[in-house]
Amino acid sequence: ELLLSPLPTGDVAATFQFRTRWDADLQRGSVSHYRLFPKALGRLVAALGVRELHLALTQGFWRTRYWGQPPLQAPAGAELWVWFQPTVTDVDKAWKELSNILSGIFCASLNFIDSTNTVIPTASFKPLGLANGTDHHLLRYAVLPREVVCTENLTPWKKLLPCGSKAGLAVLLKAERLFHSSYHSQAVHIRPVCRDASCLAVSWELRQTLTVVFDFFSSGQGKKDWSLFKMFSRTLTDTCPLASQSKVYVDISPKNKEKELLEVSPPPTSLHEAVVQGDRKTYAVYDLLSPSLFNTSRSLNVQLKWKRPQDSSEMPIPTLHAQRYVGGYGLQTGEICTLIYNTHPYRAFPVILLETVPWYLRLYVHTLTIITKGKENKPSYIHYQPAQDRRRPHLLEMLIQLPANSVTKITIQFERALLKWTEYPPDPNHGFYVGSSVLSALVPSVTAMKDVDVEQSPLFTSLFPSSDGSSYFVRLYTEPLLVNLPTPDFSMPYNVICLTCTVVAVCYGSFYNLLTRTFHVEEPSRGGLAKRLANVIRKFRGVPPL
């Protein structure tokens, strides 16, 4: 499935989702024929007792304030959270082994995940699939905000697809175009799901997602009209022969007050209306398995045009969004400030905030303040796990009530630690990264949502299905922070070494040479071979010798 969404700022977001369902029991370990399910991931789940696995590799930051709510958001860098089976006795050992194996599969630096950046959340990251219990001791969560995502991570991700990148929607996954974008995120989700409506048997679902945001203004085109060829330099020519369903959704919902739909060409196979994340959306659907789609032309190049120039001054504001920054001055103390916005006109709702802070930022928990509309806002639930130097990070979870149409400011002060000189990275003056905060909330919907069949609904609406028609689940991430720590002058040892070597070579070398040198008096030499030969010749000629 491919979802194309014009964003309010004029950018275009493309979200790929590939779902592979496998009707097998992985936990019994008796599976020998994997067929479409990747064997590397299947054996990993069976051997390490994994119940759910969620891995995301992201380059860039999703700007919720300007782009709206994403179908699936991930923090900058690498994010990994896993639920293990209750039969796993040593979860920490399985977690370490799992991160090392995934590091090799996806060619990423996940082997740097250790106890210093791993936490055990108690309220966030509940299982998305079937779960018999929610013992949070079976959950592990880690983020590497400095991880750089590039083509070496995309290639093994594409190899997990049944058709690879040779047919179907995966033909559009051209690395040169995907990484020439404002935002790029690829993820892998493995979870157990019901095999049928009775849910007597369990199937395993592998969902691979890729989200990319193209900025046509920065690329020099200057227009908000776009097409598949402009974005990916390719068009769709055929479908994956192994796919049972392959569709392209184009969001043609009205973006202005005149309620005018956007123009798409060629004409879509059908129209689909749904309430997604609280807003009523209209989608143009292209069914790639429809025989009539490729009869008229050999390729499908979806194009979208605006009927009139869009007024970008009135951009819709999402109901829930947040931002975070570092306050203070100097290199001794500082302050982490988080602003959470609830723009709903009349509904208040709670939100779970998860903060993970490295151990070298020593938090002062007594300075924690939560201010909403000028008054103190006491959280109804707080879980805090203090850090241990070089062993584990800080973990802070809070359940905060957000009043309607309000801004909640959360501040906490910290002190910077002085690291050992061997603990600094090669570029210490660049700074140290602090992972994103995680916001989880059931946001009230302005538009009433109907209960739909999950199997018949699009993939981008089925990962977080709505429990009722009045609210929808949202998980947001704030910006990662870049904090400077007290850094020694690492150029000084180099200067001292150079100066010391110069002094030793010039001063001590000359003095040692004078002490150890021996002097000899040379006697006048009788001449060399040439002189003696010349004298023999002169003697025969009767000439006086030289």
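- The protein is annotated in an unreviewed UniProt entry as PIGT transamidase of Hylia prasina.

### A look at the side chain of E52
Here is step 1 of the chain: Inspection of the secondary structure puts E52 in strand β3 (residues 50-59).
Here is step 2 of the chain: There is no salt bridge for the buried E52, and the closest opposite charge comes from R51, which lies 5.9 Å off by N-O distance.
Here is step 3 of the chain: From its side chain, E52 meets the backbone nitrogen of G129 in a polar contact 2.5 Å long.
Here is step 4 of the chain: Look past the residues within four positions of E52 in its chain and what remains in contact with it is W81, V82, W83, P127, L128, G129, I190, R191 and P192.

### Thoughts on the sheet that holds strand β13 (residues 279-287)
Here is step 1 of the chain: Read across the open sheet, the 11 strands follow the order β5-β6-β4-β3-β7-β8-β2-β1-β10-β13-β12; overall the sheet is mixed. Pairing within the sheet leaves two strands with one partner each, and these edge strands are β5 (118-119) and β12 (270-276).
Here is step 2 of the chain: Lying over the sheet, helix α3 (residues 91-106) contacts β3, β4 (77-84), β5, β6 (139-144) and β7 (183-194), oriented at roughly 135 degrees with respect to β4.
Here is step 3 of the chain: Packed onto the sheet, helix α4 (residues 151-159) meets β2 (12-22), β3, β7 and β8 (202-214) and runs at close to 30 degrees relative to β7.

### Observations concerning the packing of aromatic side chains
Here is step 1 of the chain: If you walk through the whole model with that rule in mind, you get 16 aromatic pairs.
Here is step 2 of the chain: Ring geometry for F18 against W157: centres 6.2 Å apart, planes inclined by 70 degrees, an arrangement best described as edge-to-face. Here F18, found in strand β2, pairs with W157, found in helix α4; they are 139 residues apart in sequence, far enough to count as distant.
Here is step 3 of the chain: Judged by its relative accessible area of 1%, W157 falls in the buried class.
Here is step 4 of the chain: Seen in terms of ring centroids, W359 and Y360 are 5.6 Å apart; in terms of plane orientation they differ by 75 degrees. Their pairing is edge-to-face.

### A closer look at the environment of V188
Here is step 1 of the chain: Structurally, V188 is set in strand β7.
Here is step 2 of the chain: A C-alpha to C-alpha distance of 9.0 Å links V188 and L210, two positions 22 residues apart in sequence.
Here is step 3 of the chain: When near neighbours in sequence (up to four residues on either side) are disregarded, V188 contacts L41, L53, H54, L55, F106, W157, L206, R207 and Q208.

### Side note on the pairing of strand β16 (residues 333-342)
Regular strands place their side chains on alternate faces of the sheet.
Here is step 1 of the chain: Among the 10 residues of β16, eight are classified as buried, and the element is accordingly described as predominantly covered.
Here is step 2 of the chain: Sheet topology places strand β15 (residues 320-327) next to β16; eight bridges connect them, and they run antiparallel. Paired with Q323 across the two strands is L339, which belongs to β16.
Here is step 3 of the chain: Between β15 and β16, which pair antiparallel and follow one another directly, the connecting turn spans five residues, one of which, G328, has a positive phi of 95 degrees.

### Quick notes on the pattern of salt bridges
Here is step 1 of the chain: Inspection of every chain in the model, using the stated rule, returns 10 salt bridges.
Here is step 2 of the chain: In this structure, R191 engages E205 in a salt bridge whose closest nitrogen and oxygen atoms are separated by 2.8 Å. Here R191 is found in strand β7, whereas its partner E205 is found in strand β8, with 14 residues between them in sequence. Side by side, R191 and E205 carry an identical accessibility label, which is buried.

### Focus: the state of the cysteines
Here is step 1 of the chain: This structure, assessed with the given rule, holds one disulfide.
Here is step 2 of the chain: The residue that forms a disulfide with C163 is C240, at a sulfur-sulfur distance of 1.8 Å. Classification of the bridge connecting C163 and C240 rests on its S-S torsion, roughly 75 degrees, and on that basis the disulfide is right-handed. Of this pair, C163 sits in the loop between α4 and α5 (175-178) while C240 sits in the loop between α6 (228-232) and β10 (247-251), and the two are 77 residues apart along the sequence.

### Remarks on the confidence of the model for the protein
Here is step 1 of the chain: Residue-level pLDDT values for the protein average 85, and 89% of them are 70 or greater.
Here is step 2 of the chain: Within the protein, the lowest mean pLDDT, 79, falls on strand β11 (residues 263-265), and the highest, 95, falls on strand β22 (residues 406-416).

### Some details on the nonpolar core
Here is step 1 of the chain: The biggest cluster of nonpolar side chains holds 84 residues, and the ones touching the most others in it are F16 and V250.
Here is step 2 of the chain: For this core, the two domains that each supply at least three residues are domain 1 (2-306) and domain 2 (320-483).
Here is step 3 of the chain: With sequence-adjacent residues up to four places away left out, V250 is seen in contact with L4, W226, V264, T282, Y283, A284, Y286, V302 and L304.
Here is step 4 of the chain: Core analysis: the next-biggest nonpolar cluster, separate from the first, contains 18 residues, V351, L396, M398 and L402 among them.

Definitions and limits used
- Residues numbered from 1 in each chain as written.
- Predicted model: local features only at pLDDT ≥ 70, side-chain atom pairs only at ≥ 80, totals over all residues.
- Heavy atoms only, no water.
- Helix = DSSP H or I, 4+ residues; strand = E, 2+ residues; numbered from the N terminus.
- Buried < 20%, exposed > 50% of the residue type's maximum accessible area, 1.4 Å probe, protein only.
- Lys, Arg positive; Asp, Glu negative; His and termini not counted.
- Salt bridge = Lys/Arg side-chain N within 4 Å of Asp/Glu carboxyl O.
- Polar contact = N/O pair within 3.5 Å; in protein donor to acceptor, adjacent residues only side chain to side chain.
- Contact = heavy atoms within 4.5 Å.
- Pairing = 2+ DSSP bridges.
- Axes fitted to C-alpha atoms, helices over the stretch in contact; angles between N-to-C directions.
- Phe/Tyr/Trp six-rings, centres within 6.5 Å; stacked < 30°, edge-to-face > 60°.
- Disulfide = S-S within 2.5 Å.
- pLDDT = per-residue confidence, 0-100.
- Core = buried A, V, L, I, M, F, W, Y, C linked by side-chain atoms within 4.5 Å.
- Domains from an automatic or database assignment.

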